[in-house]
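What follows is each chain in one-letter form.
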Amino acid sequence: MEPINIQRGKIAILDTANVDTDQIIAKQFLKSIKRTGFGEFLFYDWRYLPSGDPDKNFPLNRPEFAGATILVAKNNFGCGSSREHAVWAVQQYGFKVVVAPRRETAGGTIPGFADIFRSNSVKNGLLTVELSEPEADEIFQMVERFPGLEATINLEEQRLVLHLDEEIAFHFDIEASVKNRLMHGLDDIGLSMKEAPAIDAFEARHDVQLRR
Amino acid sequence: MSQTLFDKIWDRHVVKTFPDGVSLIYIDRHLVHEVTSPQAFEGLRLTNRRVRRPDLTFATMDHNVPTDDRENIKDPISKTQIDQLVENCRQFGITLYDLKSELQGIVHIIGPELGLTLPGTTIVCGDSHTSTHGAFGSLAFGIGTSEVEHVLATQCLPQKRPKTFRVEFSGKTAPRVTAKDLILKLIGNIGTAGGTGYVLEYCGEAVRALSMEARMTMCNMTIEAGARAGLIAPDETTFQYLASGSRPYAPKGKDWDNALKLWKSLPTDEGASYERELVIDASRVAPQITWGTSPGMVLDVTSRVPAPDEVPGYSPKDVEQALKYMGLKPGTPFTEVKVDTVFIGSCTNARIEDLRAAAAVFKGRKVAEGMRVLVVPGSQQVKKQAETEGLDLIFKQAGADWRQSGCSMCLAMNPDQLSPGERCASTSNRNFEGRQGKGGRTHLVSPEMAAACAIAGHFVDIRTWDYEPVHS
């Protein structure tokens, strides 16, 4: 996995909450036995009309968002199925970072990202950035006013900067373990394999309860 | 110190905790299916790694298998994926229940049937509905393909300890209100992200009264509340289930006695604390129906389609989009909404008790004119049992299609799909846009509600119907 730290690029916005993994990559594209080739099918049923022509009303089809590498959406992005194909599709389309706001409600906080999507992202080096709702709203407004707006995400400093005439910067929180893995592009499996002696010792004392 | 059920299972499986707070957790069972595993096995080949514990790894094919003619898989890409699983299991020495096996079925249905799912164990699978197994007091959660590869290579996963959330269903449920209605009620209450970051533990009088199969339905949809895992403490109901049937992998004899001691020690200690708690009065829960494109868009069947500004937790814009997609007008009573297709199946509701519940409604009746009805048993064992009991005849006489086991129209990776605009009453778990076929409109309900809908042609309040249960 490539280490990631500073990402600068154009922002695309998708003003929808609870974007599920069935929308991100529909089931008909899950039959591949490869890890590649998913980018062109990202948001397929939203991007294309039944005729096969691009739907001009779908945000990612807006010409000013062509080549965007930062996707900003709403809360609970990536809910639903565990399919890692969703992360592959987002990355292979060209996105390096997904930003989503947590939402404060009377019943508690709704996180920006669903759990499995977020952990799948870490494994693939896709950076997920959670902001507050007012911060994300500001990005939505600024991108609508200045289409083609760029941002820089600095992982080490945990900062997202909007490149306006007068720059706006947001701080974001990230778990230390996740930050470390992403910044160093660590191979998770390799790290666990180094723990083989501990795993051996655990297996020697642990009952897996399997009848043979 | 007082511990919760979750704490006890977690602590039993910590191989090591790292300074950053992440723990390496040991996995007792790894279930594998054809869709999320090929890239994981390919990863092993590319790095020259082996499967550490093939004896703890079990595979089946369920997601894209046809439910009519299993001998001839017409879709060549589906066939490649299925053939690849056969090859991967052969190469790495993994037990596979393939389409020829009498034990094949949806992975979350065969795990419990085979006795692989046991209290106090950890179970993972590259499928979000792995939460199903939590019904036994097993810490079970869905993982992505990179994690599948991780578990294949190391039998472990680095995990951050989740928080705990106690959900009590107090009181007794009314007749014909099912585990499906209880879990949908919870999702409507806390939202589809309300459980994110938590492990849910279901308890209370109404949960204790549920059968093992009903508990599986409840835990199955935990992921629809955003939580990766749901738990129910093992009790006599659990032990009886494990002691019944053949359950080839469940402990027997002296091993059983030892296991029972462990299992009985698992329930949450008095005074143990949870990060979050919620009580739902089960006696007041009515049959539920989803009306939108998120499982949290759910109401009592006696309600009406809501207006965009009447839905807590969703923005009016998202509700408007959902209503447009679903072709529904605010104010319409649900019992007036007409349906084209009924799907009874999936890892949520395709066990034998689900089929009995549906058959009781179908018995002696005919499906509405033009109605397409698919009944897809969750496993070949469920299919065989249903046929022994004559349920298949009840379905067929009513005018329903009786199929082979698989995930089928729950996610429509196989040929069982909805057409654009087609409306479906479904016993599955997700009502996302296009989930059951592009443009298809899904309403999630219980098996008895789905069956009644097939007869009436529109949604009905199952509590008002006159019918007798079928007996096994």
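Just so it is clear, the model here is predicted, and its values are computed rather than measured.

What counts and how
- Residues numbered from 1 in each chain as written.
- Chains lettered and ligands numbered in written order.
- Predicted model: local features only at pLDDT ≥ 70, side-chain atom pairs only at ≥ 80, totals over all residues.
- Helix = DSSP H or I, 4+ residues; strand = E, 2+ residues; numbered from the N terminus.
- Buried ≥ 20, exposed ≤ 12 C-beta atoms within 10 Å, placed from the backbone.
- Contact = placed C-beta atoms within 7 Å.
- Rg over C-alpha atoms; globule rule 2.2 N^0.38 Å.
- Nonpolar A, V, L, I, M, F, W, Y, C, P; charged D, E, K, R; others polar.
- Axes fitted to C-alpha atoms, helices over the stretch in contact; angles between N-to-C directions.
- Parallel < 35°, antiparallel > 145°, perpendicular 65-115°, else oblique.
- Left-handed = near helix turned anticlockwise from the far one by under 90°.
- Pairing = 2+ DSSP bridges.
- Core = buried A, V, L, I, M, F, W, Y, C linked by C-beta atoms within 7 Å.

Participant: How would you explain the overall build of chain A if you had to name every residue and give the values?
Facilitator: Of regular secondary structure, chain A possesses eight helices and nine strands. With respect to the principal axes defined by its C-alpha atoms, chain A has extents near 65 × 45 × 40 Å. Within the span of chain A, comprising 212 residues, buried residues form 42% of the whole. When contacts within chain A are restricted to residue pairs at least 6 apart in sequence, long-range pairs at least 24 apart make up 72% of them.

Participant: Account for the overall build of chain B, naming residues and giving values.
Facilitator: Helix and strand counts for chain B stand at 15 helices and 19 strands. Relative to a compact globule of 472 residues, whose C-alpha radius of gyration would be 23 Å, chain B shows 21 Å and is just as compact. For the C-alpha atoms alone, the extent of chain B along its principal axes is close to 55 × 55 × 45 Å. Put simply, chain B has 472 residues, and 61% of those count as buried.

Participant: Describe the interface of chain B and chain A, with residues and values.
Facilitator: Between chain B and chain A, the contact holds 65 residues from the first and 50 residues from the second. Of all elements in the fold, only β1 (14-17), β2 (22-26), α2 (38-47), α3 (76-92), α5 (145-154), β8 (156-160) and α10 (253-264) of chain B reach the threshold of two or more residues within the side of chain B that touches chain A. Here the element with the most residues in the side of chain B that touches chain A is α5(B); it accounts for seven residues. Split into classes, the residues belonging to the side of chain B that touches chain A amount to 23 nonpolar, 28 polar and 14 charged.

Participant: Give a detailed account of the packing of α2(B) against α5(B), specifying residues and quantitative values.
Facilitator: Describing two packed helices takes the angle between their axes plus the distance from one axis to the other. Residues and elements named next belong to chain B. Interaxial distance between α2 and α5 falls to 8 Å at its minimum, and their mutual angle equals 50 degrees. Between α2 and α5, the angle falls in the class oblique. The crossing of α2 and α5 is right-handed. For the pair α2 and α5, the contacting residues are Q39, A40, G43 and L44 in the first and T145, V148, E149, L152 and A153 in the second. In the contact of α2 with α5, the residues fall into five nonpolar, three polar and one charged.

Participant: Pulling in residues and values, what's your account of the sheet that holds strand β17 (residues 401-402) of chain B?
Facilitator: Taken together, five strands build an open sheet; the order of strands is β17-β16-β15-β18-β19 (chain B) and the sheet is parallel. For this open sheet the edge positions go to β17 and β19 (441-444) of chain B, each flanked by a neighbour on one side alone.

Participant: For the sheet that holds strand β12 (residues 276-281) of chain B, give the residues involved together with the corresponding values.
Facilitator: All names here are of chain B. Read from one edge of the open sheet, four strands run β11-β10-β9-β12, paired in parallel fashion. Unpaired on one side and paired on the other, β11 (229-231) and β12 mark the two borders of the sheet. Sheet twist, expressed as the average angle between the axes of neighbouring strands with direction ignored, equals 20 degrees. Alignment of strand β10 (residues 198-203) against β11, held across three bridges, turns out to be parallel. Each residue of the ladder has a partner; that of V199, found in β11, is A229.

Participant: Now, about the nonpolar core: what can you tell me, with residues and values included?
Facilitator: The biggest cluster of nonpolar side chains holds 205 residues, and the ones touching the most others in it are V90(A) and V342(B). The contact partners of V342(B), leaving out residues within four places of it in the chain, are M371(B), V373(B), C424(B), A425(B), A450(B), C453(B) and A454(B).

Participant: Give me the lowdown on α5(B), citing residues and values where you can.
Facilitator: All names here are of chain B. For α5, the tally of buried residues reaches ten of ten residues, placing the bulk of the element in the interior. Listed as buried for α5 are T145, S146, E147, V148, E149, H150, V151, L152, A153 and T154. Q155 lies just past α5 and shows a positive phi near 60 degrees.

Participant: Before we move on, could you go through the pairing of strand β18 (residues 423-426) of chain B and cite the residues and values that matter?
Facilitator: Note that strand β15 (residues 341-344) of chain B and β18(B) share three bridges and pair parallel. From the neighbouring strand, T341(B) faces β18(B), where its bridge partner is C424(B).

Participant: Got a sec to walk through the environment of N431(B)? Specific residues and values, please.
Facilitator: Assignment of secondary structure puts N431(B) in the loop between β18 and β19. Taking the C-alpha atoms as reference, N431(B) lies 18 Å from G194(B); in sequence the two are 237 residues apart.

Participant: How would you summarise helix α8 (residues 212-220) of chain B if you had to cite specific residues and measurements?
Facilitator: Where burial is concerned, most of α8(B) is hidden: nine out of the nine residues are buried. Taken together, the buried residues of α8(B) touch α4 (107-114), α6 (179-190), β10, β11, α9 (236-243) and α12 (352-362) of chain B.

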